[in-house]
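Each chain is listed here by its residues.
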Amino acid sequence: MSSVILKNVTKTYDNNKTVINNVSLEIKDKEFIVLVGASGCGKSTLLRMIAGLEDISDGKIFIGDNKVNNVAPKDRDIAFVFQSYALYPHMTVRENIAFGLKMRKVPKVEIDKKVQEAAEILNLEEYLDRKPKQLSGGQRQRVALGRAIVRNPKVFLMDEPLSNLDAKLRVQMRSEIKKLHEKLQTTFIYVTHDQTEALTMGDRIVVLNNGIIQQVDSPEEIYNNPKNTFVAGFVGSPQMNFIEGKDLGLDENILYGIRPEKMTKPDGDIKLTVNVDISEMLGSEKIAYFNIGARKCSAKLEADVQIGKTLELSIKTSDMYKFDMQTGKRI
């Protein structure tokens, strides 16, 4: 079993700053789970605690049936893929992939076999004798993945592994990592600040804010049924609009949430006229930005819209989310 269980895990630094606050989470065997949140929310710290690279202040961590609080990183049977690739520049691709196995004194015949298998999975066969500086960013990331694969770990931990790649390559590597997960059939824990990565890659998503789990659910549930304004506003691009009830002629004690793509329903029962401040063209879609009351909002449109012009909006009440004005919790 390669499940990972966190029970009331807390991390507090010497200055009494708590970055992980009483987190409990059960990650299933063979699951691809994504930890997502803004910079500084604690997601990388949580990953490093699972890896043993960061001490925990309180709570328990289990990998499989074993409590690993005091187990050294090398003995946790995990593989860590870093944002920076962490390749040795003076070594070839073959030597980089094999390095961890050599340190464990694995027989050479077995090392060669594992390196060749990893190279075939990652399409690196023709690059095995090159140095990292001769590779593209995507190829270097595949080498880092190869170094993890050959260890055949119980759990793969990935800390923003695609953030150094350009947009086109990120899309390609997202697909490759998902295929890798399906092929290896082991547990993946993946950290990102990119909600598109989270939605497209995860079996489940863990949304973190200020070291506290806000919601754990499937991508569909996270998007369609957010539990609070933080999750609703963080997931989705452009983000959900939040409009006070008084500005819609509705309940003044409720904050309403509406996705930008739901702002122009022809059969909507709420009509609004707004002034367009900014207009963006995204291929076949246009994004118009405007104010409703004191809040900045946006709408996804098919038709062109000009800055400074008025825009007629029509919203269906069935497309609106209700949130408590004080707590931000979904009503």
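About the thresholds
- Residues numbered from 1 in each chain as written.
- Predicted model: local features only at pLDDT ≥ 70, side-chain atom pairs only at ≥ 80, totals over all residues.
- Heavy atoms only, no water.
- Core = buried A, V, L, I, M, F, W, Y, C linked by side-chain atoms within 4.5 Å.
- Buried < 20%, exposed > 50% of the residue type's maximum accessible area, 1.4 Å probe, protein only.
- Helix = DSSP H or I, 4+ residues; strand = E, 2+ residues; numbered from the N terminus.
- Contact = heavy atoms within 4.5 Å.
- Pairing = 2+ DSSP bridges.
- Axes fitted to C-alpha atoms, helices over the stretch in contact; angles between N-to-C directions.
- Salt bridge = Lys/Arg side-chain N within 4 Å of Asp/Glu carboxyl O.

(A) Broad picture of the nonpolar core. Formed by 45 residues in total, the largest nonpolar core has its most connected members in Ile-97, Leu-145, Met-158, Ile-177 and Tyr-190. Per-element accounting of this core gives the leading share, five residues, to helix H4 (residues 137-149). With near-sequence residues (within four places) excluded, Met-158 lies in contact with Leu-47, Val-81, Leu-145, Ile-177, Phe-188, Ile-189, Tyr-190 and Val-191.

(B) Representation of the environment of Leu-180. Along the polypeptide, Leu-180 turns up in helix H5 (residues 167-184). C-alpha of Leu-180 to C-alpha of Ala-148: the two residues are 32 residues apart in sequence and 12 Å apart in space. Beyond its immediate stretch of four places on either side in the chain, Leu-180 contacts Ile-121, Leu-145, Ile-149 and Phe-188.

(C) Spatial organisation of the sheet that holds strand E15 (residues 295-301). In space, the four strands of this open sheet follow the order E15-E14-E13-E16, with antiparallel pairing throughout. Each end of this open sheet is capped by a strand with a single partner; those strands are E15 and strand E16 (310-315). Across the sheet, the mean angle from the axis of one strand to that of its neighbour is 45°, orientation sign disregarded. In this structure, strand E13 (residues 270-282) lies alongside E16, joined through six bridges in antiparallel fashion. Within the sheet, the bridge partner assigned to Val-274 lies in E16 and is Leu-311.

(D) Fine view of the pattern of salt bridges. This structure, assessed with the given rule, holds 14 salt bridges. The shortest N-O distance in the salt bridge between Glu-31 and Arg-204 comes to 2.5 Å. With Glu-31 in the loop between strand E2 (18-27) and strand E3 (32-36) and Arg-204 in strand E9 (residues 204-209), the pair connects residues that are 173 residues apart, well separated along the chain. You'll find Glu-31 and Arg-204 in the same group, each marked buried. For Lys-246, the salt bridge identified is with Asp-247, shortest N-O distance 3.7 Å. With a relative accessible area of 45%, Lys-246 lands in the partly exposed category. Given a relative accessible area of 25%, Asp-247 falls into the partly exposed group. Linked through salt bridges whose partners overlap, the residues forming this network are Glu-244, Lys-246, Asp-247 and Arg-295.

Fair warning: the whole summary comes from geometry, so function is off the table for now.
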